[in-house]
Amino acid sequence: MVRGIGVDIIEISRIRRSIETIGEPFLRKVYTSSEIAYCNAKADRFQHFAVRFAAKEAFSKALSLGWRGEFRWKDVEVTNDPSGQPHLTVHGSLRDRLAGATLMLSMSHADENVVAMVLIEDAGT
Ligand SMILES: CC(C)(COP(=O)(O)OP(=O)(O)OC[C@H]1O[C@@H](n2cnc3c(N)ncnc32)[C@H](O)[C@@H]1OP(=O)(O)O)[C@@H](O)C(=O)NCCC(=O)NCCS
């Protein structure tokens, strides 16, 4: 059974501003090392950072987590398989909570905005 879906759209300029003004502390708070390496290897790194931010917010919506301390940015990681398809991996306490669940993620970039959608399906359904 589908446990939840979440979608998020973000202006790339918002994330670009955070990276340019806060810099490394912002990156280290929100993104894992491998996410940072993936984005920094791209020609337009800001859209890749922005869409990963959107993916984390979409995930928190799919799980109805809210922002009351239950969710830490780096507990959710976006990786890409060899075809480029993105996947979500969860770490920390969320890992037990989502044991056996299937997480699906789709992301897209446009000139000014990025969008991400997450679907969570419970185990065995
Ligand atoms: C996937 C594809 C549709 C992306 O379309 P696009 O209009 O260029 O780009 P969008 O902005 O809409 O989407 C980009 C996102 O699509 C996702 N994506 C890339 N490849 C994907 C795939 N095979 N399946 C699903 N999603 C994919 C990624 O999350 C990417 O963002 P990221 O690099 O920040 O992670 C296009 O690249 C394609 O047709 N690829 C076919 C597979 C392919 O050729 N792979 C080459 C390596 S084998």
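Structural notes, computed from the coordinates. (Residues numbered from 1 in each chain as written. Predicted model: local features only at pLDDT ≥ 70, side-chain atom pairs only at ≥ 80, totals over all residues.)

**Describing the pairing of strand β4 (residues 102-109)**
Okay, so step 1: In this structure, β4 lies alongside strand β5 (residues 113-121), joined through 8 bridges in antiparallel fashion. Bridge pairing links serine 108 to valine 115 in β5.
Okay, so step 2: Taken together, β4 and the strand that follows it, β5, pair antiparallel across an intervening segment of 3 residues. (Pairing = 2+ DSSP bridges. Helix = DSSP H or I, 4+ residues; strand = E, 2+ residues; numbered from the N terminus.)

**Quick word on helix α4 (residues 45-62)**
Okay, so step 1: An ideal rise of 1.5 Å per residue puts 26 Å on 18 residues; α4 measures up with 26 Å between its terminal C-alpha atoms.
Okay, so step 2: In terms of residue burial, α4 counts as a mostly covered element, since 16 of its 18 residues are buried.
Okay, so step 3: Of the residues one or two after α4, serine 64 is the one with positive phi, at around 50°. (Expected span 1.5 Å × (residues − 1). Buried ≥ 20, exposed ≤ 12 C-beta atoms within 10 Å, placed from the backbone.)

**Some points on the pairing of β5**
Okay, so step 1: Direction of pairing for strand β1 (residues 2-11) relative to β5: antiparallel, over a ladder of 9 bridges. Each bridged residue has a counterpart across the sheet, and for valine 7 the counterpart in β5 is methionine 117.

Honestly, that's just the spatial picture; any functional story needs more than this.
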